[in-house]
Amino acid sequence: MSKEELQDKIITDLKNDFPTINITRNEDNITIKADDNTLWEIFEILYNGLDNVEFNMGQDEESYIIIKI
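Small disclaimer: the values here were computed from a predicted structure and weren't measured.

Asks: Whenever I open this one, the packing of aromatic side chains confuses me. Can you help?
Replies: Enumeration according to the criterion identifies 4 aromatic pairs in this entry. Both rings, one in Phe43 and one in Phe55, keep their centres 5.4 Å apart while their planes meet at 40°; by these two values the pair is tilted. Placement of the pair is Phe43 in helix α2 (residues 36-49) and Phe55 in strand β3 (residues 53-58), with a sequence separation of 12 residues. Judged by its relative accessible area of 15%, Phe43 falls in the buried class. Given the relative accessible area of 17%, Phe55 is considered buried. Taken together, the ring pairs in this structure connect Trp40, Phe43, Tyr47 and Phe55 into an aromatic cluster.

Asks: In this structure, what is going on with the nonpolar core? I would like to understand it.
Replies: A general tendency of soluble globular proteins is for nonpolar side chains to be buried together. Membership of the largest hydrophobic core comes to 16 residues, with the highest contact counts inside it found for Leu14, Ile32, Ile42, Ile65 and Ile67. For this core, the secondary-structure elements that each account for two or more residues are α1 (3-17), β2 (29-33), α2, β3 and β4 (61-68). No other element matches the 4 residues that α2 contributes to this core.

Asks: Sorry, what's going on with the sheet that holds strand β1 (residues 22-25) here?
Replies: Either a parallel or an antiparallel arrangement is found when strands of a sheet pair, and the pairing is made through backbone hydrogen bonds. Reading across from one edge, β1-β2-β4-β3 is the order of the 4 strands in this open sheet, with antiparallel pairing throughout. Each edge of the sheet is formed by a strand with only one pairing partner; in this case those strands are β1 and β3. Put simply, the sheet's adjacent strands are angled 20° from each other on average, direction ignored. In terms of strand pairing, β2 meets β4 through 4 bridges, oriented antiparallel. Bridge pairing in β4 places Ile30 opposite Ile67. Contacts between α2 and the sheet are confined to β2, β3 and β4, with β4 contributing the most and set at about 20° to the helix.

Thresholds applied
- Residues numbered from 1 in each chain as written.
- Predicted model: local features only at pLDDT ≥ 70, side-chain atom pairs only at ≥ 80, totals over all residues.
- Heavy atoms only, no water.
- Phe/Tyr/Trp six-rings, centres within 6.5 Å; stacked < 30°, edge-to-face > 60°.
- Helix = DSSP H or I, 4+ residues; strand = E, 2+ residues; numbered from the N terminus.
- Buried < 20%, exposed > 50% of the residue type's maximum accessible area, 1.4 Å probe, protein only.
- Core = buried A, V, L, I, M, F, W, Y, C linked by side-chain atoms within 4.5 Å.
- Pairing = 2+ DSSP bridges.
- Axes fitted to C-alpha atoms, helices over the stretch in contact; angles between N-to-C directions.
- Contact = heavy atoms within 4.5 Å.

Geometric values such as these leave the question of function open.
Structure follows, in structure tokens:
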């Protein structure tokens, strides 16, 4: 499976499970933005299945998850 196909599959799966999230992608990663509770739920799911998942949460900044592919 190519990098683009893998990104498409991840995005489709996430959008089906969490239709309110905002996803952007570039050549090397996918960025997911949503409310903190949704991001925690997504992170718990992804952390067990993917190696390169990063959760960025700050008090005075927008929270997001990055999946490096």
